[in-house]
Every structure is written in structure tokens, then in C-alpha cells.
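Understanding the architecture of this molecule
Now for the letters of each chain:
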Amino acid sequence: QKEVEQNSGPLSVPEGAIASLNCTYSDRGSQSFFWYRQYSGKSPELIMFIYSNGDKEDGRFTAQLNKASQYVSLLIRDSQPSDSATYLCAVRRDSNYQLIWGAGTKLIIKP
Amino acid sequence: ETGVTQSPTHLIKTRGQQVTLRCSSQSGHNTVSWYQQALGQGPQFIFQYYREEENGRGNFPPRFSGLQFPNYSSELNVNALELDDSALYLCASSSGQGEYFGPGTRLLVL
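In this report, the structure presented in the accompanying data block is examined. All values reported here derive from a predicted model rather than from experimental measurement.

Focus: the environment of Gly102 of chain A
Checked against the element boundaries, Gly102 of chain A lands in the loop between strand 10 (99–101) and strand 11 (105–110). Separated by 77 residues in the primary sequence, Gly102 of chain A and Tyr25 of chain A have C-alpha atoms spaced 8.9 Å apart. Apart from residues no more than four positions distant in its own chain, Gly102 of chain A is found in contact with Val4, Gln6, Leu88 and Cys89 of chain A together with Gly42 of chain B.

Describing the pattern of salt bridges
The tally for this structure, following the rule as stated, stands at 9 salt bridges over all chains. Between Arg92 of chain A and Glu99 of chain B there is a salt bridge, with its nearest N and O atoms 3.6 Å apart. Taken together, the positions of Arg92 of chain A in strand 9 (residues 85–92) and Glu99 of chain B in the loop between strand 9 (87–94) and strand 10 (100–101) put the pair across two chains. Judged by relative accessible area, which is 0%, Glu99 of chain B ranks as buried. It is possible to trace a salt-bridge network through shared partners that takes in Arg63, Glu82 and Asp85 of chain B.

Some thoughts on the sheet that holds strand 8 (residues 74–78) of chain B
Hydrogen bonds between backbone atoms are what pair the strands of a sheet, whose relative direction is either parallel or antiparallel. All names here are of chain B. Spatially, 4 strands are ordered 1-3-8-7 in an open sheet, and the strand pairing comes out antiparallel. Every interior strand has two partners, whereas the edge strands, strand 1 (5–7) and strand 7 (64–68), have only one. With direction set aside, neighbouring strand axes in the sheet form an average angle of 15°. Pairing analysis gives 5 bridges linking strand 3 (residues 19–24) to strand 8, with the strands arranged antiparallel. The residue of strand 8 that forms the bridge with Thr20 is Asn77.

Quick notes on the rules
- Residues numbered from 1 in each chain as written.
- Chains lettered and ligands numbered in written order.
- Predicted model: local features only at pLDDT ≥ 70, side-chain atom pairs only at ≥ 80, totals over all residues.
- Heavy atoms only, no water.
- Helix = DSSP H or I, 4+ residues; strand = E, 2+ residues; numbered from the N terminus.
- Contact = heavy atoms within 4.5 Å.
- Salt bridge = Lys/Arg side-chain N within 4 Å of Asp/Glu carboxyl O.
- Buried < 20%, exposed > 50% of the residue type's maximum accessible area, 1.4 Å probe, protein only.
- Pairing = 2+ DSSP bridges.
- Axes fitted to C-alpha atoms, helices over the stretch in contact; angles between N-to-C directions.

Shown next as C-alpha cells:
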């Protein structure tokens, strides 16, 4: 079992709809959770981080964390074609500061 | 733009050669991490430096080594290059929360 798992996709969503991206992790001691966006040929860009159970909203993005079920999700409201990218989930262990990464979910927003 | 810079942007080397990649961290960030990203994969952690000391290392052989300087810039050195070392090498700096990436160095080993 991989430490951080994401569905590789592609996930296809119509423009204007809500895109829902999911990530599960295996280490119950994980404390910090991050979502990055990566356009093809570019480096990852930090979108959001979340530490506490529940929801955290920033503009069109909402991160959701459920530590009991060991999953974290990212919702993108009013999806735009410019949101088409690979979304990477990263988890930080509490024992050190290494980020553990999922392989990413490719999101395609169809006009 | 994150303020993290890397050089060079692209590099072609042959098997057995050595390479040095460079990274300048974002102002105020004292922690630098290096990652290797193969096509279609998530970044793989190589190592991290905090205030000039190695602060964690991933599953990479000793021929991958690094340095951090007093101004928090950093180098990644790879000796005895292998074909599988071809990848995007990413540097990220942080000050305790999320990591902010530079544009990466794309290395091709022939």
C-alpha cells in the first residue's frame, strides 16, 4: 500500500461544475496536509494546506480533512478550463518534516 | 512566482558523469528540500537541509549529496550518473508550513 494514494484519473468535469479530488494516507501520525497544482512541464504550486479536521475554504477551493478516515479532499467550485492540471496531495509526518507525495490526479475541465 | 530559483533549467549528461544543480531559496526561508520527479509520478524526496545541516533523507543512494550555504542557497550533487537519473529535479524552500518550488532542472542522462 502506498503511503499517499490518489486516483490517477483523468477526472473530466464540465466547466462551471464542482471538481472533487480525493487523497488517502496510511500514517495515522500525519499532521499536515497539502494540495499542490502542477501544470504540464511546470513545477508544483501550493494551493492550500490544512491541519485540523473539517473544512478550510480559500476562494473557489475548499480542503476537507477527516483524520479518523485518513482522507483529505479538495473541492474546486465553478471549475474553469485553467484549472486543468495535475493535483498533487502531500502529507507531512509528525516525526520529521519530510513531505510524502501522492502520484497526482489529472483533472480536465471541459468547456 | 515563488522567489525560488534553480539553475540550470536543462542539462544533458552522459552516464558516469557528475552533475551539480543549484537552488536559491525564497527570502526568509531557512529550509530547502530536493525532490526528483519522473514523468507521470509525484515528487520523490531526496533530502532536506535546515540551517546548513541535513535534516532528513529519502531512499536515494549516497551518490546523491547536497550542501546548504549560510545564505540558505543549496546544491544537489549527483555522482556516477545513471540513465534512471533522468528526471525533473525540484528544489523547494519553506519556513515551516508549505513548500514553495523553484521551476526545476530537467536532467537527461544519455
